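Examining the three-dimensional arrangement
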Amino acid sequence: QVQLVESGGGLAQAGDSLRLSCAASGRTFSSLAMGWFRQAPEKEREFVAAINWIGGSSSYADSVKGRFTISRDNVKNTVYLQMNSLKPEDTAVYYCASRHRLGGVYEYWGQGTQVTVSS
């Protein structure tokens, strides 16, 4: 069992920056690959970014590439999403999720944190 708790969401204006954090517990953090997803009102949940277990490899959705950066601290058991140059279309509930580092589906999810970007 893995518990994930997101924080750092809030209100921002277009062009601002926010950093989301996701604290993990319940399993050795370095055994997990981590991802960030988001869901805007009346839209399906979509992938935002992912990072492997050691932080040496990451991937991004095209819509956030160059603006968002995912990172992790395996000592603090935390994954981060640095969001720069925010746009109104980034408004969504952001979720972190975990899966086994060797692959598989994202099995555990946090409760989400709201990010609202005004123009």
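The paragraphs below set out a description of the structure included in this document.

Cut-offs used in this document
- Residues numbered from 1 in each chain as written.
- Predicted model: local features only at pLDDT ≥ 70, side-chain atom pairs only at ≥ 80, totals over all residues.
- Heavy atoms only, no water.
- Helix = DSSP H or I, 4+ residues; strand = E, 2+ residues; numbered from the N terminus.
- Buried < 20%, exposed > 50% of the residue type's maximum accessible area, 1.4 Å probe, protein only.
- Contact = heavy atoms within 4.5 Å.
- Salt bridge = Lys/Arg side-chain N within 4 Å of Asp/Glu carboxyl O.
- Core = buried A, V, L, I, M, F, W, Y, C linked by side-chain atoms within 4.5 Å.
- Phe/Tyr/Trp six-rings, centres within 6.5 Å; stacked < 30°, edge-to-face > 60°.

1. Focus: the overall build of the chain
Each helix and strand in the chain was counted, giving zero helices and 11 strands. Ordered by position from the N terminus, the helices and strands of the chain form the series β-β-β-β-β-β-β-β-β-β-β. Across its three principal axes, the chain shows a C-alpha extent of roughly 40 × 25 × 25 Å. Burial analysis of the chain (119 residues in total) assigns 43% to the buried set. Taking the intrachain contacts of the chain between residues at least 6 apart in sequence as the baseline, contacts between residues at least 24 apart amount to 55%.

2. Quick look at the pattern of salt bridges
Using the criterion set out here, one finds four salt bridges in the structure. Its salt-bridge partner being Arg38, residue Glu46 comes within 2.6 Å of it at the nearest N-O pair. Note on Glu46: relative accessible area 35%, which makes it partly exposed. In this structure, Asp90 engages Arg67 in a salt bridge whose closest nitrogen and oxygen atoms are separated by 2.7 Å. Of this pair, Asp90 sits in the loop between strand 8 (78-83) and strand 9 (92-100) while Arg67 sits in the loop between strand 6 (58-60) and strand 7 (68-73), placing them 23 residues apart in sequence. Of the two residues, Asp90 and Arg67, neither departs from the other in class, the shared state being buried. Through salt bridges with shared partners, a single ionic network connects Arg38, Glu46, Arg67 and Asp90.

3. As for the environment of Asp73
By secondary structure assignment, the location of Asp73 is in strand 7. Considering only alpha carbons, one finds Asp73 and Val117, 44 residues apart in sequence, at a separation of 27 Å. The contacts of Asp73, once residues within four sequence positions are left out, are Phe29, Thr78 and Tyr80.

4. Comments concerning the environment of Tyr106
Looking at the secondary structure, you find Tyr106 in the loop between strand 9 and strand 10 (108-109). Separated by 10 residues in the primary sequence, Tyr106 and Cys96 have C-alpha atoms spaced 9.5 Å apart. Excluding residues that lie within four positions of it along the chain, Tyr106 makes contacts with Ala33, Met34, Gly35, Phe37, Ala50, Ala97, Ser98 and Arg99.

5. Remarks on the nonpolar core
The biggest cluster of nonpolar side chains holds 30 residues, and the ones touching the most others in it are Trp36, Leu81, Met83 and Tyr94. Put simply, the parts of the chain that give this core at least two residues each are strand 3 (18-25), strand 4 (32-39), strand 5 (46-51), strand 7, strand 8, strand 9 and strand 11 (113-118). The element best represented in this core is strand 3, accounting for four residues. Among all residues touching Tyr94, those that are not within four sequence positions of it are Glu6, Leu20, Trp36, Phe37, Arg38, Val48, Phe68, Leu81, Met83, Gly112, Thr113 and Val115.

6. Comments concerning the packing of aromatic side chains
Following the criterion strictly, the structure yields four aromatic pairs and no others. With a centroid separation of 5.1 Å and 80° between ring planes, the pair formed by Phe37 and Tyr106 is classed as edge-to-face. Separated by 69 residues along the polypeptide, Phe37 in strand 4 and Tyr106 in the loop between strand 9 and strand 10 bring together distant segments of the chain. Here Phe37 falls in the buried class, since its relative accessible area comes to 11%. Linked through ring pairs, Phe37, Phe47, Tyr106 and Trp109 together constitute an aromatic cluster.

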